[in-house]
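Remarks on the overall topology
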Amino acid sequence: MAITQEFVYLKPASLKETLALLAQHDNFAILAGGTDLIDMIKEGAVQPDVVVDIKGLASLSEIRFKGSTLDIGAGVTFTDLIESEIIKEKFPVIAECARTVGSLGIRNRATLAGNICSGVPCTDSGPVLCAYEALVLTEGPKGARKIKAEDWFIAPRKTALEKGEIVVGVRIPYPKKRHSGCWVKLRRYGGQDLAQVNLLVLAFEDGTFRISYGAVAPVPVRAKKIERMLNGQKPTPDLLEKVTRLVEEEIKPITDIRATGEYRMHLAKVMLARGVEAAMGRLDGKGPEYGKSVI
Amino acid sequence: MKREINFVLNGERVSMEVRGNEILLEVLREKLGLKSPKCGCDKGDCGTCTVMINGKTVRSCLVLAAEIDKCDVLTLEGLMQGGLTPLQKSFLEHNSFQCGFCTPGVILSATELLRKNPRPDKTEIQEALSGNLCRCTGYSPIIEAIRDFSK
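Presented here is a report on the structure given in the accompanying data block. Predicted model, so just to flag it, every value in this text is computed and none were measured.

This brings us to the environment of Met265 of chain A. All names here are of chain A. Take Met265: it is sitting in helix α12 (residues 261-283). Along the backbone, Met265 and Lys252 are 13 residues apart, and their C-alpha atoms lie at a distance of 8.0 Å. Leaving out residues up to four positions away in the same chain, Met265 has contacts with Glu248 and Pro253.

Okay, here's the thing in structure tokens:
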């Protein structure tokens, strides 16, 4: 299907040039991987006058680990994340998540920044960034801003990005405490599918946890009540049973084409118990290897 | 507004003008006469439009033609310039297609997989092909062809 609406395609070579272009045009769309944007344009859901391709900005395609922060540029694809040595070494759970996004041909193109700009409830990157307490880095007319991942997602397809702004990357602080993680994604079959429920569990050596759900509320959910009940406790079957009851207070899954709300709620509990168990196992070097699904 | 793009297509330099809103898949099929990439779902889910850009498979239905300026584009026609590839021969031996609509995309995805991972197991093959839908074969003969080839 041809795109019927007309727009101008521009490909600036620097961030400065990009910001100047954005200041000149009111109705623009930023193009990185295009796996969501082009589809939206085809459907007429987005009708830009100008499409600004940011793949010419070399600095945005970098993954940098400096000091104790990881910067992922807005042009970094999911395949880049999977193949990155630094991600493999320091953030293996990010690669574990990236491997479940779309399919090979989508991951080769789609970016993590694009994923959070689309801001759909089933975003896979959302729970990861929320649990890691990441910052979304933007540039725009008011200068640079750093927005907490938790504040980034406002409603389905609505983010904290303001008019005239562009996401240049995300910044993930490397936790000081030794930790491990587990990414759990429920979908209808093993291949390319959007999440019915997704979950990131981070387990720290001092017995604390960070837990974030996706696809079970309008935006990703940081499950702080669950974290508080788990923190410092030995996750015995009894405690896990108690904790899973808290899931009902944290999430509000809906019924849609991919699953019923009841099914999502039930599996969200199962996933939590298995995710906590796997993350703790990995902390001791005993859990399933990264990439091996626990559901 | 038209824009000039220069790229390499199946080993040959191409220079042409495209409009900002033209889709790569349409330009390949309608202007450059390459019919191996197909339009299936037209939204990136089915994989029939798969081509390679700089050695990586992409959904050409979700790429603007303007984006491929200075890129290296490969379609199945380019992959088999020297005749059928050994992988294609394995597909023939295993009857890995019926209507053939998905096959160009499947071959390209499998080619990318085998370049990175010459000895994939069944799960790895299934994962690499999960974005290429086949409505005829039930996938088994496709997976067998790739496994047999990579033994």
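Taken together, the contact pairs 27 residues of chain B with 25 residues of chain A. When residues of the side of chain B that touches chain A are traced back to their parent elements, those giving at least two are β4 (56-59), α4 (103-116) and α5 (122-128) of chain B. For the side of chain B that touches chain A, the element with the most residues is β4 of chain B, which contributes four residues.

Considering the arrangement of structural elements, one finds Val8 of chain A in strand β1 (residues 8-10). We classify Val8 of chain A as partly exposed; it has 17 C-beta atoms within 10 Å. Here Val8 of chain A is in contact with Asp49 and Val50 of chain A together with Met1 and Gly20 of chain B, once residues within four sequence places are set aside.

The next point concerns the sheet that holds strand β4 (residues 63-66) of chain A. Residue and element names in this part refer to chain A. Spatially, β4-β5-β10-β6-β7 is the arrangement adopted by the five strands of the open sheet, whose pairing is antiparallel. In the strand order of this sheet, the two ends are held by β4 and β7 (145-148), each with one partner. The sheet shows a mean angle of 25° between the axes of neighbouring strands, taken without regard to direction. Judged from the four bridges that link them, strand β6 (residues 135-139) and β7 form a sheet pairing that is antiparallel. Its bridge partner lying in β7, Leu137 is registered against Lys146.

The rules behind each value
- Residues numbered from 1 in each chain as written.
- Chains lettered and ligands numbered in written order.
- Predicted model: local features only at pLDDT ≥ 70, side-chain atom pairs only at ≥ 80, totals over all residues.
- Helix = DSSP H or I, 4+ residues; strand = E, 2+ residues; numbered from the N terminus.
- Contact = placed C-beta atoms within 7 Å.
- Buried ≥ 20, exposed ≤ 12 C-beta atoms within 10 Å, placed from the backbone.
- Pairing = 2+ DSSP bridges.
- Axes fitted to C-alpha atoms, helices over the stretch in contact; angles between N-to-C directions.

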